[in-house]
Amino acid sequence: MFEKTFDIVIIGSGAGGGTVAKELAPLCGEGIRVAVLEWGPKISDDEYTGNEVDMARKLFVDSGGMLTKDGNMTLAMGKGYGGSTLSYTGTSMTVPKEVVDRWAVPGLTHGDVASRAQKYSEENNVHFQPEELLNDNNLLFQQGCRTLGYNVEQFPLNLKGCKGAGICNLGCPNQAKQGTHLVQLPEAEKAGVEVITNCLVEHIGIQELDAVVENAPFGEPSTWEEGRYRIKAKIIVVCAGAVHSSALLLSSGFGDRLPALGRYLTLHPALILVAEHPQTISNFCGHPKSFFCDQFWRSDGFLLESCMYYPFITAKNLVGFGSEHSQLMQAFQRLQMILVLAVDQAEANNRVEIDGDGRPVVDYTLSNATLDSLHTSMKAATRIFFAAGAARVHAPAGERFFIEASEADDIERLIPRNKVVPGRISITSAHLMGGCRMGEDLGTSVTDSWGRVHDHPGLFVADSALLPRANEINPYLTVMALADRVAERIRSDAGELL
Ligand SMILES: Cc1cc2nc3c(=O)[nH]c(=O)nc-3n(C[C@H](O)[C@H](O)[C@H](O)COP(=O)(O)OP(=O)(O)OC[C@H]3O[C@@H](n4cnc5c(N)ncnc54)[C@H](O)[C@@H]3O)c2cc1C
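This one's a predicted model, so the numbers in the text were calculated from it and none came from an experiment.

### Some points on the pairing of strand E14 (residues 302–306)
And step 1. Extensive coverage of E14 is indicated by the burial of five of its five residues.
And step 2. Burial along E14 is two-sided: Phe302, Leu304 and Ser306 and Leu303 and Glu305, pointing in opposite directions, are all buried.
And step 3. With two bridges joining them, strand E13 (residues 291–293) and E14 adopt antiparallel strand pairing. Within the sheet, the bridge partner assigned to Cys293 lies in E14 and is Leu304.
And step 4. Relative to strand E15 (residues 335–342), E14 is paired through five bridges, and the arrangement is antiparallel. Note that in E15 the partner of Glu305 across the bridge is Leu339.

Listed below in structure tokens is the structure:
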């Protein structure tokens, strides 16, 4: 067993960990030793092949195919130097005031979160894509929404030198999408933070943790020798993502005194919907996600976003098989796609547990309210597709594989609620939130509004696990804003804790 000593150890290098590392980096100038321990490797620029199966293996936990306990949803979580910011799409939204008000965390105001999110918008070069760079897939979404009178808005994106490769979720081969791997982590390292990749933290104790370094078969090798490590640190900041932060704290025994640990998980359950146009459209070149529609956000609990996915993911999301499935896949250059994000409620029973080996198990039940939202969203998206000129639509809960344009007036009958059944339709999540939620009450929260774990001085959480309820819109800027807040508290507590 190797031994190491630091003052501050950050676990994970994604939106939360990368932000905390950069914000604490100035402390290195005062002789304080700061390290980031990251499970995944650092991927070299020439390893971004764009190959769907290859990149899924390199960028995601379980190649992006981790399932919930009941097998009804797949969960996409990034792994690597940069975490999920390697594979995120780069849509950069500030959480609305009414959402932070619904969180009702004493001491946390929307003004504070929004001003910190603005800081990261600037740092990540967030802006609107110029109109000439928007492809047909996106413009058709905008056109369909406008024709129906639905509110549609452009997404701010965090790009620098986008060449329109269109494969953001497989890692940008041109390094245009700004993530912590390009912005916050290099800055932290320059200031003296040590980042150790291929390093899985297995246990957190009192001012120490156990980790194992084992190089992945791809990416750059770790700067540390392979083997087991005991690492001493006076301050530990857990940023392993909603699922793994919760699982790590549970397997380290913190659940006994923190009954809410792992609970109140929200996932923004998502559907990928597909329609076929009569003519070729530009769809897989250009940034995939330019617009969103919030027409149904308050009334029916979902958002619609333009999107474009790759052949494997697309094929997996169609309900059915055989010749119709094949016909739709062969029409790839004529496909328009829409992503649905349902706003799910925070329920104590939706939670991260651990199995006998300490690995996470996500016990999540799709509520009837969420299934209602998904049903309404399929009908709304189908109307948008037809309003944009689609020849036929594949609705996962459709009576038939295809709904033809001539049947557009019969959508209510052709997409029945009773076909929206977990396990029958393909539901995914890339927005995992909660498990170590902020609050005051020990029974329903794990940290205070500054990410300090209740009754555990020196132990902090600074990632998506902090969210007390769903973010209700794409969440990474909120995660960075909250991590920024936690870092501020660590800086001010450092004199006492170190
Ligand atoms: C495909 C995809 C697309 C997305 N697109 C968008 C988007 O366009 N806009 C948006 O706002 N949000 C988007 N998101 C969501 C956003 O990326 C996440 O909300 C955000 O990155 C969460 O930050 P985090 O720090 O909690 O976790 P992550 O960024 O996932 O980082 C967690 C890190 O911890 C590491 N880790 C885990 N366990 C351990 C351990 N035991 N020891 C050491 N390291 C560990 C992991 O390897 C990982 O690198 C997307 C997510 C995905 C997956």
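### A short note on the packing of helix H1 (residues 15–24) against helix H13 (residues 476–497)
And step 1. Close contact between H1 and H13 brings their axes to 8 Å; oriented N to C, the two are set at 40 degrees. Considering the relative orientation of H1 and H13, their crossing is right-handed. Counting all contacts with H1, which are made through Ala15, Gly16, Thr19, Val20, Glu23 and Leu24, the residues of H13 involved are Val479, Met480, Ala483, Asp484, Ala487, Ile490 and Arg491.
And step 2. The class makeup of the residues in the contact of H1 with H13 is eight nonpolar, two polar and three charged.

### So, unusual backbone geometry
And step 1. Look at Ser63: it is not a glycine, yet its phi comes out positive at around 55 degrees.
And step 2. Among the secondary structure elements, Ser63 is positioned in the loop between helix H2 (52–59) and strand E4 (66–67).
And step 3. Located in the positive-phi region is Gln175, a residue other than glycine, with phi close to 50 degrees.
And step 4. Mapped onto the elements of the fold, Gln175 is located in the loop between strand E6 (152–154) and helix H6 (184–190).
And step 5. Overall, Gln175 belongs to the buried group, its relative accessible area being 15%.

Rules used in this analysis
- Residues numbered from 1 in each chain as written.
- Predicted model: local features only at pLDDT ≥ 70, side-chain atom pairs only at ≥ 80, totals over all residues.
- Heavy atoms only, no water.
- Buried < 20%, exposed > 50% of the residue type's maximum accessible area, 1.4 Å probe, protein only.
- Helix = DSSP H or I, 4+ residues; strand = E, 2+ residues; numbered from the N terminus.
- Pairing = 2+ DSSP bridges.
- Axes fitted to C-alpha atoms, helices over the stretch in contact; angles between N-to-C directions.
- Left-handed = near helix turned anticlockwise from the far one by under 90°.
- Contact = heavy atoms within 4.5 Å.
- Nonpolar A, V, L, I, M, F, W, Y, C, P; charged D, E, K, R; others polar.

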